[in-house]
Amino acid sequence: MVDGLERQLRVHLGIRLNMRSLIYLALGASTVSAILPVDTPSCLAFAPSSNTVNFLAKGGRAALPPILTSPSDWPGVHRTAADLALDFQRTTGTKIPVKNLTTTSASPTSSGPAQAPLSAPAAIIAGTIGRSDIIDSLIDAGKLDVAGVRGQWEAFSLVHVPSPMPGVKDALVIAGADKRGTIFGLYTLSEQLGVSPWWFWTDTAPIQRSNGVFLVRGSNCSAGSPTVQYRGVFLNDEQPSLTNWANEKLRPAGSDLPTFRSNFYMLMFEVILRNKANFLWPAIWNSMFAVDDPMSQFLADYFGVVMGTSHQEPMMRSTPLEFNKFAQGPYDFSTNAENITQYWIEGTQRAKPFESVFTMGMRGAGDVPLGDSTNIDLLGKIISTQRQIIQDVFNTTDQTSVPQVWCTSTHLAACLHLTNEVQNYYEEGLRVPDDITLLWTDDNWGHIQRLPNDIERPRWGGAGVYFHVDYVRDYKWINTANNVQSFQQLSLAVEYNATRLWILNVGDFKANEIPTDFFLSMAYNASAFTPDNIVDYQARWAAREFGSTQLAPQIANIVMNFTRLAAMRKPELVDPTTFSISNYREAERMSAQWDQVLTAAGTVMKQLPARAQPTFFETILHPINATANLQALYIAAGRNMLLASQASNSANAFSDEVGRRFEADIALRDEFHTMLDGKWNHMMDQTHFGYSYWQQPMQDSLPPLARVFTIAPALAGTMRVTIEGSKGAWPGDNVNNCANGYGCGDPVLGTLSPFGPTSRFVDVSPSGPLGFSFNTTSFTPWLTVKGGSASLQSNSVPHRIEVGVDWSKFPSNASGMQNGVLRVTSSVGDGVNVTLPAVMTSIPQGFKGFVEGDGVVSMEASHWTRNTPVHDVAFVAIPSFGTRAFDGVTTMPGLSGNFTPAGTGATIHRI
Ligand SMILES: *[C@@H]1O[C@H](CO)[C@@H](O)[C@H](O)[C@H]1NC(C)=O
Ligand SMILES: *[C@@H]1O[C@H](CO)[C@@H](O)[C@H](O)[C@H]1NC(C)=O
Ligand SMILES: *[C@@H]1O[C@H](CO)[C@@H](O)[C@H](O)[C@H]1NC(C)=O
Ligand SMILES: *[C@@H]1O[C@H](CO)[C@@H](O)[C@H](O)[C@H]1NC(C)=O
Ligand SMILES: *[C@@H]1O[C@H](CO)[C@@H](O)[C@H](O)[C@H]1NC(C)=O
Ligand SMILES: *[C@@H]1O[C@H](CO)[C@@H](O)[C@H](O)[C@H]1NC(C)=O
Ligand SMILES: *[C@@H]1O[C@H](CO)[C@@H](O)[C@H](O)[C@H]1NC(C)=O
Ligand SMILES: *[C@@H]1O[C@H](CO)[C@@H](O)[C@H](O)[C@H]1NC(C)=O
């Protein structure tokens, strides 16, 4: 992976420098107060103080405080209020009642017999402005000021109101500007109470509030409109794990019902709303959302979730499955327009009662690549047909009343294609109708390909982003997403006002909770995120998920490190040659970092209470252990092949290690599948060893391994000597010993200087049936030798000798390179001379900086000595940004008002 200076510099600097830019300022809707997980301010307290009002006493009480709602409110509000009541039970053991009121003066009635007059010292009052009698009467009575949120998308006021109504002394009042405003207000209290939005998916233990619950006097937890209007997830590549899991857990045994029905989707709707998101693209591979279970589409709207269909499935139909089932003829608009139009009319009629974002255009079976005018004409016809359908079915000439989005495909080529398509549109004089949201995609790896330009940004429909933390071709198994990388890219989207719609491809959903939480948090309130506070976010996340503020910083550190390491090379794409065994000790350094983070995770696991351990295992320890194990397995496989080519018996020990690690992989999978009585059985069904083309392998299998014959010594003898920086082996011939591969000289190590590595390694290993011992003799006074003698068995792993230079003994008058020589001599008569060249280089007095050593100058991108902004643009370092180094740099803001000609922009220098 690392092959020298040029590569390193490119890795450290070039890639980042070439990227467009970055900004972390959130523009647009910036009225949302900072709402990160478990962030302050809190409207609830869990111990009394002079500033609190008793709400729910320890162990409950005879007259429980109610959640008050109005019968006329949205069903989703009533449903969420019931969730909040349940969350009180989860955290305090006491479920509080939900009661319907029609006015603030009446006693609670709703259906059924009349109830006793309200007499609750405290209450939670929740409702939607204009839809809830109780909220409207509070506003009319001047007890509640909602001027700051009224009419704002998904905004809510959440404040303490004293004496809201007769019989109630204090209340927390949630007044949503719309139905999801109210729902998000209710779930804000759930989260403050101690119920994670992920409770079902990550088994997060509710925080126990054993001292009771109190309202904070004068508190205000209101929130404005989210940064991104439609934000959610896309279940894609949902096989094998999610599909197998759902078939086992959510389908009656032996039935052949479709996999993803409303019992599955209700889990999705809840986790989406608890994360204050609102949008879903349903599973597509073998599923028809609206057909498999007619309740699903209804329930999405009932819960309050907006549905869409993926980039390739226009007009709210699962295509091609539905088309093949219900329509006739080819899915090709140029030959079958009539049937396709009818098919789309039916999808639109079916979706009409519900909140949806319509995917427009056409791709897939009737692929319409643009680029020539015929196809542009055809696409123009398709879109005008679709808009006519919307006009007819919704009986409206106002297309803006039905949100529409347009994208082409997930795949890199096709997504770049959208760029061309749009450009072609302009060139051909065609326009994507102004109200259609243009969905820009990343390259499937979290690098956004293009964002709206000056002409596109003011469009009414705006722009959105399709982002991946799972990709069918390269990474489906486990979480490998670096949130810092996502932060940088999504910040650009915010800056470019691509905030109408964000959709995240989450694969099987399970295992990607950490990056999904981050994506949805940023979509909700991007202005809360800066380059410097991603670690803080991760620590707040940890405090919420593990109920421990003490361990939170440590856990955040572990998450930052493991995702940075995992993102360096996705597990599916590792092979025995990925990390160099011979050069730069790359394999060792990778292993050491994984070992460190695994040890740290193992230590935290033991410190956590039992109730928090499943969550930690699922989200952190399992992915670390499994990925560390996979990496180590491939490194062992690489050593196995190399040592076999070097005629060393030690190859066999590494082949054994590969076998053990394969067993460990299976053990980890089994642990995931059997924990919590098998709740997550099948969620780790994804194969991850042995990718050979884009599709996953149908079974995990190991890379080729070598076994070395041990009953006779190598032709050249019993002792094998191998060295750092070479794949050769001595004594005897090896293709890598010199250009000819035979009759080569003794091994020569890479030159040392005072500024490079401090030593080189020489490995000694066995061949044949005999054990032996060996000694190292130095012929040069300035050579230092560590570990120069040992006894090896015939099955030992290589013994490592470190050879360095004692610069105090180095000839001070020597000019140029000097050779040190040592000899390794075995007890059975083999001997090899090894040469270490060294050169005494020096730096001018007072010089500070990075000096060449080993032919390389290596530095982190942020190690600049001069940072020169131009106009308002400057380079900024972001910790953990970039997948190969510890930090990365980018320019901010990314979208400067000042145009700088090429070559005259901001610079960083290192001298
Ligand atoms: C983004 O939208 C806001 C609000 O409409 C506007 O003020 C701002 O200028 C836009 N930014 C860009 C870069 O177009
Ligand atoms: C309140 O009224 C609505 C509408 O009739 C109903 O759906 C809901 O279940 C009621 N809530 C309670 C707690 O009775
Ligand atoms: C359209 O569907 C009808 C049946 O509804 C079928 O007879 C006809 O062949 C189809 N048209 C094409 C072009 O396939
Ligand atoms: C369509 O809208 C028009 C104007 O609002 C109204 O007069 C008409 O009744 C509507 N048609 C249907 C079928 O609802
Ligand atoms: C995370 O990486 C940093 C930088 O290498 C290191 O200092 C820290 O100890 C690591 N933490 C863990 C838990 O691995
Ligand atoms: C990692 O997984 C292996 C195999 O299940 C297990 O033996 C080991 O204890 C695990 N390590 C930690 C730190 O949990
Ligand atoms: C290595 O050195 C030790 C101590 O001087 C000696 O006993 C032993 O025989 C030596 N072995 C070889 C292989 O030269
Ligand atoms: C090994 O190096 C020493 C010191 O330079 C030299 O005396 C000896 O002849 C060398 N042995 C071989 C086999 O080249």
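Presented here is a report on the structure given in the accompanying data block. Since this is a predicted model, take the numbers as computed values, not measurements.

## Considerations on the site of ligand 5
Part 1: All residues adjacent to ligand 5 are Asn557, Ile558, Asn561, Arg564, Gln596, Val597, Ala600 and Phe886.
Part 2: Here a nitrogen atom of ligand 5 sits 2.7 Å away from a polar atom, N or O, in the side chain of asparagine 557.
Part 3: In the model, an oxygen atom of ligand 5 is placed 2.9 Å from a nitrogen or oxygen of the glutamine 596 side chain.
Part 4: When ligand 5 is considered free in solution it has 360 Å² of accessible area, and contact with the protein chains removes 61% of it.
Part 5: Looking at the shell around ligand 5, the elements with two or more residues in it are helix 17 (552-568) and helix 18 (586-607).
Part 6: The element contributing the most residues to the shell around ligand 5 is helix 17, with 4 residues.

## Concerning a nonpolar patch on the surface
Part 1: On the surface, Met295, Phe298 and Tyr302 cluster together to form a nonpolar patch covering roughly 270 Å² of accessible area.
Part 2: Inspection of the secondary structure assignment puts methionine 295 in helix 9 (residues 294-303).

## Some remarks on the environment of threonine 359
Part 1: Tracing the chain through its elements places threonine 359 in strand 12 (residues 358-360).
Part 2: Looking at threonine 359, the relative accessible area reads 1%, which means it is buried.
Part 3: Threonine 359 sits 47 residues away from tryptophan 406 along the chain, and the two C-alpha atoms are 5.7 Å apart.
Part 4: Those residues within four positions of threonine 359 in sequence are excluded, and the remaining contacts are Trp281, Thr309, Ser310, His311, Glu313, Pro314, Met315 and Val405.
Part 5: From its side chain, threonine 359 meets the backbone oxygen of threonine 309 in a polar contact 2.6 Å long.

## Comments concerning the packing of helix 2 (residues 75-92) against helix 7 (residues 262-274)
Part 1: At a minimum axis separation of 13 Å, helix 2 and helix 7 run at an interaxial angle of 80°. Here helix 2 is positioned roughly perpendicular relative to helix 7, judged by the angle of their axes. Counting all contacts with helix 2, which are made through Arg79, Asp83, Asp87 and Arg90, the residues of helix 7 involved are Glu270, Leu273 and Arg274.
Part 2: Among the residues forming the contact of helix 2 with helix 7, the class breakdown is 1 nonpolar, no polar and 6 charged.

## Here we look at the state of the cysteines
Part 1: All told, the structure shown has 2 disulfides when counted by the stated rule.
Part 2: Each disulfide pairs two cysteine sulfurs, and for cysteine 43 the partner residue is cysteine 221, the sulfurs being separated by 2.1 Å. With the S-S bond torsion at 125°, the cross-link from cysteine 43 to cysteine 221 turns out right-handed. Of this pair, cysteine 43 sits in the loop between helix 1 (5-18) and strand 1 (44-45) while cysteine 221 sits in the loop between strand 8 (213-216) and strand 9 (230-234), and the two are 178 residues apart along the sequence.

## Overview of the nonpolar core
Part 1: With 176 residues, the main nonpolar core has Trp201 and Trp245 as its most contacted residues.
Part 2: When residues of this core are assigned to their parent elements, the largest contribution, 15 residues, is made by helix 19 (residues 613-645).
Part 3: Residues Phe772, Leu792, Phe810 and Val824 belong to the second largest nonpolar core, which totals 24 residues.

## Side note on the site of ligand 8
Part 1: In the vicinity of ligand 8, the contacting residues are Asp746, Phe779, Val821, Arg823 and Asn833.
Part 2: Within the side chain of asparagine 833, an N or O atom sits 2.2 Å from an oxygen atom of ligand 8.
Part 3: In isolation ligand 8 has 360 Å² of accessible area, and contact with the protein removes 41% of it.
Part 4: Each residue belonging to the shell around ligand 8 can be placed in one class, and the counts come to 2 nonpolar, 1 polar and 2 charged.

## Points about the pairing of strand 8
Part 1: Neither face of strand 8 is exposed, since Val213 and Leu215 on one face and Phe214 and Val216 on the opposite face are all buried.
Part 2: Bridging between strand 1 and strand 8 involves 2 bridges; their strand directions are antiparallel. Counterpart to alanine 45 in the pairing with strand 8 is phenylalanine 214.
Part 3: In terms of strand pairing, strand 2 (residues 52-56) meets strand 8 through 4 bridges, oriented antiparallel. Residue pairing across strands places threonine 52 opposite valine 216, the latter belonging to strand 8.

## Some remarks on the pattern of salt bridges
Part 1: Taken as a whole, this structure holds 31 salt bridges when the rule is applied.
Part 2: Arginine 707 is the salt-bridge partner of aspartate 656, the closest N and O atoms lying 2.9 Å from each other. In this pair, aspartate 656 sits in helix 20 (residues 650-678) while arginine 707 sits in the loop between helix 20 and strand 17 (719-723), placing the two residues 51 residues apart along the sequence.
Part 3: On the accessibility criterion, aspartate 656 (38% relative accessible area) is partly exposed.
Part 4: Residue aspartate 763 is joined to arginine 800 by a salt bridge in which the shortest nitrogen-to-oxygen separation is 2.9 Å. Taken as a pair, aspartate 763 in strand 18 (residues 759-766) and arginine 800 in strand 22 (residues 799-805) lie far apart in primary sequence, 37 residues in all.
Part 5: You can call aspartate 763 buried: its relative accessible area is 9%.
Part 6: In the salt-bridge network here, residues are joined through shared partners; they are Arg79, Asp83, Asp87, Arg90, Glu270 and Arg274.

## Comments concerning the sheet that holds strand 21 (residues 790-792)
Part 1: Pairing is antiparallel in the open sheet, where 4 strands are placed in the order 21-19-23-24. Looking at strand neighbours, the two that pair on one side only are strand 21 and strand 24 (831-838), the edges of this open sheet. Taking the axes of each pair of neighbouring strands and ignoring which way they run, one obtains an average angle of 25° across the sheet.
Part 2: Looking at chain direction, strand 19 (residues 772-778) and strand 23 (residues 818-826) are connected through 5 bridges and run antiparallel. For serine 778, the partnering residue across the bridge sits in strand 23 and is leucine 822.

So, how was this worked out
- Residues numbered from 1 in each chain as written.
- Chains lettered and ligands numbered in written order.
- Predicted model: local features only at pLDDT ≥ 70, side-chain atom pairs only at ≥ 80, totals over all residues.
- Heavy atoms only, no water.
- Near = heavy atom within 4 Å.
- Polar contact = N/O pair within 3.5 Å; in protein donor to acceptor, adjacent residues only side chain to side chain.
- Areas by Shrake-Rupley, 256 points an atom, 1.4 Å probe, with all protein chains shown as cover.
- Helix = DSSP H or I, 4+ residues; strand = E, 2+ residues; numbered from the N terminus.
- Patch = residues over 30% accessible without salt bridge, like charges linked within 9 Å, V, L, I, M, F, W, Y side chains within 5 Å.
- Salt bridge = Lys/Arg side-chain N within 4 Å of Asp/Glu carboxyl O.
- Buried < 20%, exposed > 50% of the residue type's maximum accessible area, 1.4 Å probe, protein only.
- Contact = heavy atoms within 4.5 Å.
- Axes fitted to C-alpha atoms, helices over the stretch in contact; angles between N-to-C directions.
- Parallel < 35°, antiparallel > 145°, perpendicular 65-115°, else oblique.
- Nonpolar A, V, L, I, M, F, W, Y, C, P; charged D, E, K, R; others polar.
- Disulfide = S-S within 2.5 Å.
- Core = buried A, V, L, I, M, F, W, Y, C linked by side-chain atoms within 4.5 Å.
- Pairing = 2+ DSSP bridges.

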